[in-house]
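This is what each chain is made of:
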Amino acid sequence: MAFDSLTEKLAGVFKKLRGKGKLSETDVKEAMREIKLALLSADVSFKVTKEIVANITEKAIGDTVLESLTPAQQIVKIVNNELCEIMGGVNFKLNLAPKPPSVIMIVGLQGSGKTTNVAKIAGYFKNKLSKRPLLVACDVYRPAAITQLLVVGEQVDVSVFKIDNEMDVVKIAKEAVRHAQDHGNDLVFIDTAGRLSIDNTLMDELLRLKTALNPSEILLTVDAMTGQDAVNVAETFNNLLDITGVVLTKTDGDTRGGAALSVKYITQKPIKFVGTGEKLTELEPFYPERMASRILGMGDILSLIEKAEETFDEEQAHKLEKKFKTNKFDLNDFLEQLAQVKKMGPIENLLGLVPGVNANALKDAKVDPRAMDRTEAIIRSMTNKEREKPEILNGSRRKRIAMGSGTKVEEVNKLIKSFDQMKTMMKRFGKGKKGGKMGNMPF
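Anyway, here's the lowdown on the structure attached to this text. None of the values given here were measured: they were computed from a predicted structure.

**Section: the packing of aromatic side chains**
Argument step 1. If you walk through the whole model with that rule in mind, you get five aromatic pairs.
Argument step 2. Seen in terms of ring centroids, Tyr124 and Phe125 are 5.6 Å apart; in terms of plane orientation they differ by 85 degrees. Their pairing is edge-to-face. For the pair Tyr124 and Phe125, a shared accessibility class is recorded, and that class is buried.
Argument step 3. On the basis of an interplanar angle of 70 degrees and a centroid distance of 6.3 Å, the ring pair of Phe125 and Phe273 is categorised as edge-to-face. With Phe125 in helix α6 (residues 114-129) and Phe273 in strand β7 (residues 271-275), this residue pair connects regions lying 148 residues apart in the sequence.
Argument step 4. The buried category is assigned to Phe125, whose relative accessible area is 6%.

**Quick word on the side chain of Thr249**
Argument step 1. Mapped onto the elements, Thr249 comes out in strand β6 (residues 245-249).
Argument step 2. Accessibility expressed as a relative area gives 1% for Thr249, which makes it buried.
Argument step 3. Sequence-distant contacts of Thr249, defined by excluding residues within four places in its chain, comprise Ser112, Asn117, Thr221, Val222, Asp223, Ala224 and Gly275.

**A few points about the packing of helix α2 (residues 25-41) against helix α3 (residues 46-60)**
Argument step 1. Look at α2 against α3: their axes get within 10 Å of each other, and the N-to-C directions meet at 155 degrees. It follows that α2 is roughly antiparallel to α3 by the angle criterion. Helix-helix and strand crossings are classified by hand; for α2 and α3 the assignment is right-handed. Here α2 contributes Val28, Met32, Lys36, Leu39 and Leu40 to the contact with α3, which in turn contributes Phe46, Thr49, Ile52, Val53, Ile56, Thr57 and Ala60.

**Topic: helix α8 (residues 169-183)**
Argument step 1. Taking 1.5 Å of rise per residue, 15 residues should cover 21 Å, and α8 covers 21 Å from first to last C-alpha, within 8% of that figure.
Argument step 2. Taken residue by residue, α8 has Val169, Val170, Ile172, Ala173, Ala176, Val177 and Ala180 as its buried positions. Each buried residue of α8 sits inside an arc of 160 degrees when the element is viewed along its axis, so together they form one side. In α8, the exposed residues that point more than 90 degrees away from the buried face are Gln181 and Asp182.
Argument step 3. N-capping of α8 is provided by Asp168, with a side-chain oxygen placed 3.1 Å from the backbone N of Val170.
Argument step 4. Gly184 lies just past α8 and shows a positive phi near 80 degrees.

**Section: the pairing of strand β4 (residues 187-192)**
Argument step 1. For β4, a buried count of six out of six residues is recorded, marking the element as mostly surrounded by other parts of the structure.
Argument step 2. Side-chain alternation along β4 places Leu187, Phe189 and Asp191 on one buried face and Val188, Ile190 and Thr192 on a second face that is also buried.
Argument step 3. Bridge analysis of strand β1 (residues 102-107) against β4 gives five bridges, and the strand direction is parallel. The partner of Val103 across the bridge, within β4, is Val188.

Definitions and cut-offs
Residues numbered from 1 in each chain as written. Predicted model: local features only at pLDDT ≥ 70, side-chain atom pairs only at ≥ 80, totals over all residues. Heavy atoms only, no water. Phe/Tyr/Trp six-rings, centres within 6.5 Å; stacked < 30°, edge-to-face > 60°. Buried < 20%, exposed > 50% of the residue type's maximum accessible area, 1.4 Å probe, protein only. Helix = DSSP H or I, 4+ residues; strand = E, 2+ residues; numbered from the N terminus. Contact = heavy atoms within 4.5 Å. Axes fitted to C-alpha atoms, helices over the stretch in contact; angles between N-to-C directions. Parallel < 35°, antiparallel > 145°, perpendicular 65-115°, else oblique. Left-handed = near helix turned anticlockwise from the far one by under 90°. Expected span 1.5 Å × (residues − 1). Arc of directions from axis to C-beta. Polar contact = N/O pair within 3.5 Å; in protein donor to acceptor, adjacent residues only side chain to side chain. Pairing = 2+ DSSP bridges.

Take a look at the structure:
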């Protein structure tokens, strides 16, 4: 994640504070200096860093903190609140027109992920909010851009409106809105042209579109991997176009993360969505409090729950709960659950949302993305009877399963041992007992 380096540095600051017990003003000021350096090294703008540190210092140097029995925890809370506030405080939803269709212009420089993310947002509204979006190809200067929009539109199952050999983008956009009115599309996403840099020609075209369409939203895509340049781009676009919000892309990359902390403060326009990966489903509404929690290494349990709710079938979950309570959970059930977990995304990304898990440390842990596939292959190499009653798996059966799955007998043994430990733990929970230790599952 983009904030790994900042998270690690802030964790070091808080660890020092916890080690001191009671804090003096000198301790707090030294911590503030380190927080300031951590923010600057994460590419947070100097102006924003100065504001954050000043606000934290003012709140941290006071009787409430210095006389507290847990001053370090109080400071973590203050930092968390300040990061949340600087990023907008609350989640800002899209402004939609009272009478559909709502027109949303997506703008940005080439390479910012504009075309991919307009499809992601359209797909999000179609699949999660039951809307009927329409994508509009208004980047007429690059044939590849229209082709790309058609490809990603098909992948998210959203129609794309285009007019072949037409160079007047205002005409295309107006025709698209009429098409939407006639065909019941309630959202119209305009994929505008980009440039390698901001120029008068680009801005004149975007201003003409804005005047002609009176859009509900003008969303700017900003590449988080460009660091401070992303903030400069956002500021320039906002000054010229008066954007309504930002889509922060490529936040899963190896970046310093400062853009998310700076762009809202500099533009006074909220981040509305963040791209969390390359897949067209990897897009999230932006929640400042959740992002602040991730930055401080406190996880993001709400996002984790939402991912699970999107993936897991409620009826299946009730059946599973019943099997746990009656101790009838077998390897067929485990295989089903494995498939559900895989749908939620890479395991290291999920672990990064768990409170207390250091996302940066996961890199050293080398989570093997193929481990789930090997576990699945082992189970699929068993007969149905073996999955239902793994206790019958003797040496010769395990050898056969290992050969059939392309794994080693040791891996088969590890899976069975872990599964037995998990069943034992679930049996204890089913009887209302606490305790029990789950083995390390082989993924």
